[in-house]
Amino acid sequence: MTVITSVLSPDSSRQEPANLAAFRQELMGCFTRRSDALFELADAVLAAGPVVSLPHLSLDPLHRRGHGSVYAAPAQGRINTGALRDLLATRLHQQPAVFAIDVSCWARSDAECSPGRGFYYHPSKHSAGKPIIAGWAFSWLAALELTTDSWTAPLDVMRLVPGTNVNDVAARQILQLLPRLPDSGGRLPLFVLDGGYDPVRLILGLPAAPVQLLVRIRSDRCFYAAPPPTEPGARGRPRRHGAKFACTDPTTWPPPSATLTTTDAQYGTVTVHAWSGLHAKTQQHDGHGSRGPRPIVPGTVVRLTVTALPGRTRKPKTLWLWWHGLTGCPLDLNLLWRSYVRRFDLEHTFRFCKQTLNWTLPRPRTPEQADRWTWLVIAAYTQLHLARTLVTDLRLPWEKPLPTHRLTPGRVRRRFRSIHAAVGTPASAPQPCGHSPGRPRGTIRGPAPRHPAIKTTSQAA
């Protein structure tokens, strides 16, 4: 193995390049069809960076095949997603195990010939004056690090079929991840989700699963304590709800069951209050509309306040969270607030994959091609994550220098050519096969079938 000492970090050990080379070799085994083309396409994504169109990736020297291979790899290649999920999970060493789940959209508003599109919210793109786009939505699951950086470790991604509930997809991803997790010493993994998820429906989709859930809730939610014991001789149906807890009305708050006050360099004074044993009146559940009793899922309401925001001058808002764990699971308020703050690192991963790794640049015809391209981008990002301690900083003249252990994904990507030269590639060299005969003369192709975007109702969602 050749080591380029001028760009590789002197603090990196000999084992770290070997670990990256072993990951690349195992990644090659996850590509079951057109493996060489898929692997070199992932290398080109890392080496070339942002490009104006997909065939421009074939111009990179690390991509030794023609531009037709760039189209054929996502269209005709095959990826063993189960083996790739197992491979990504084996790289987990972060303790405590904290994960985030969120949805990101791939806008395909004008792709009338692409099936499986739905209407989804988009923060920056609008249609008819509303922040709604037609396209594909993907639910990402990534491991978080409780440090002040923007790194995450994507472990799973699922495309949302129009009409499916996002809470059910998140619960399915959690259940699939649990058998792949390494032994955590009896500490339950924590999954953090932002607003838009129903915490009660998530728990109902995870019956007795050994996990912790932390979900952001609206600031106007109402919860209820357990009802008082029924008096002897009382008639009528027993009460199912006790005293009301309104987040907007401090007079309804009982004394908190747990409190934490700490100081942070970025957020100033952090105050966390928790009220345990509260439940909400469930609106969406499997028996909705059957006039049966609504399920009651008790949890802990958490109120988080800070005095400052990193790089912001506006006044911080109060955050309300909902936590649930198995009976006997300890409530660690310090872990909860730090985990939720680090959940925003997944937003940085979305932006980096879209702007730098060209995640939403291609215009595939079918959603299956989009799935393969998404997994290819995740595999490329994981290689940067493994190589972040191998290289020295390559900064632009106006950027501040960073130590090796604080390099961002963008700066590590600038050194990927040197990393590639150090670890090598398991892909085989291309073999000349002549020129394609092209489309036979006289072939008549009719117009491609149109697939309008699917508009779902609130009941189906």
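Here the structure is a predicted model, which is why all the values come from computation and not from measurement.

Draft legend 1. Local environment of the side chain of His63. For His63, the location among the structural elements is in the loop between α2 (35-48) and α3 (67-76). Residue His63 is classed as buried on the basis of its relative accessible area, which comes to 4%. Among the polar contacts made by the side chain of His63, one reaches the main-chain carbonyl oxygen of Arg65 at a distance of 3.1 Å. Other than its neighbours up to four places away in sequence, His63 contacts Glu40, Leu41, Ala44, Leu57, Ser58, Ser69 and Val70.

Draft legend 2. Region of the structure containing the pattern of salt bridges. For the structure on display, the rule yields 23 salt bridges. Note that Asp168 is salt-bridged to Arg201, the shortest N-O span being 3.0 Å. Residue Asp168 is located in helix α5 (residues 166-177), and its partner Arg201 is located in helix α6 (residues 199-204); the two are separated by 33 residues in the primary sequence. Its salt-bridge partner being Arg411, residue Glu399 comes within 3.6 Å of it at the nearest N-O pair.

Draft legend 3. Helix α9 (residues 367-386), seen in detail. In a regular helix each residue adds 1.5 Å, so 20 residues correspond to 28 Å; α9 covers 29 Å between its end C-alpha atoms and thus fits that length. Burial analysis of α9 places 17 of its 20 residues in the buried class, the great majority of the element.

Draft legend 4. Structural context of empty space enclosed by the protein. The full count for this structure, using the stated rule, is two cavities of 30 Å³ or more. Reported here for the largest cavity is a volume of approximately 40 Å³. Taken together, Arg85, Ala89, Leu155, Asp156, Gln173, Gln176, Leu177 and Arg180 form the lining of the largest cavity. For the lining of the largest cavity, the secondary-structure elements that each account for two or more residues are α4 (81-89), β6 (152-160) and α5. Per element, the largest residue contribution to the lining of the largest cavity is three residues, and it comes from α5. Taken together, the residues of the lining of the largest cavity sort by class into three nonpolar, two polar and three charged. Approximately 30 Å³ is the volume attributed to the second largest cavity.

So, how was this worked out
Residues numbered from 1 in each chain as written. Predicted model: local features only at pLDDT ≥ 70, side-chain atom pairs only at ≥ 80, totals over all residues. Heavy atoms only, no water. Helix = DSSP H or I, 4+ residues; strand = E, 2+ residues; numbered from the N terminus. Buried < 20%, exposed > 50% of the residue type's maximum accessible area, 1.4 Å probe, protein only. Polar contact = N/O pair within 3.5 Å; in protein donor to acceptor, adjacent residues only side chain to side chain. Contact = heavy atoms within 4.5 Å. Salt bridge = Lys/Arg side-chain N within 4 Å of Asp/Glu carboxyl O. Expected span 1.5 Å × (residues − 1). 1 Å grid on protein atoms, 1.4 Å probe; cavity = no way out; pocket = protein on both sides within 12 Å on 5 of 7 lines; lining within 4 Å. Points joined across faces, edges and corners; volume = space filled by probe spheres on them. Nonpolar A, V, L, I, M, F, W, Y, C, P; charged D, E, K, R; others polar.

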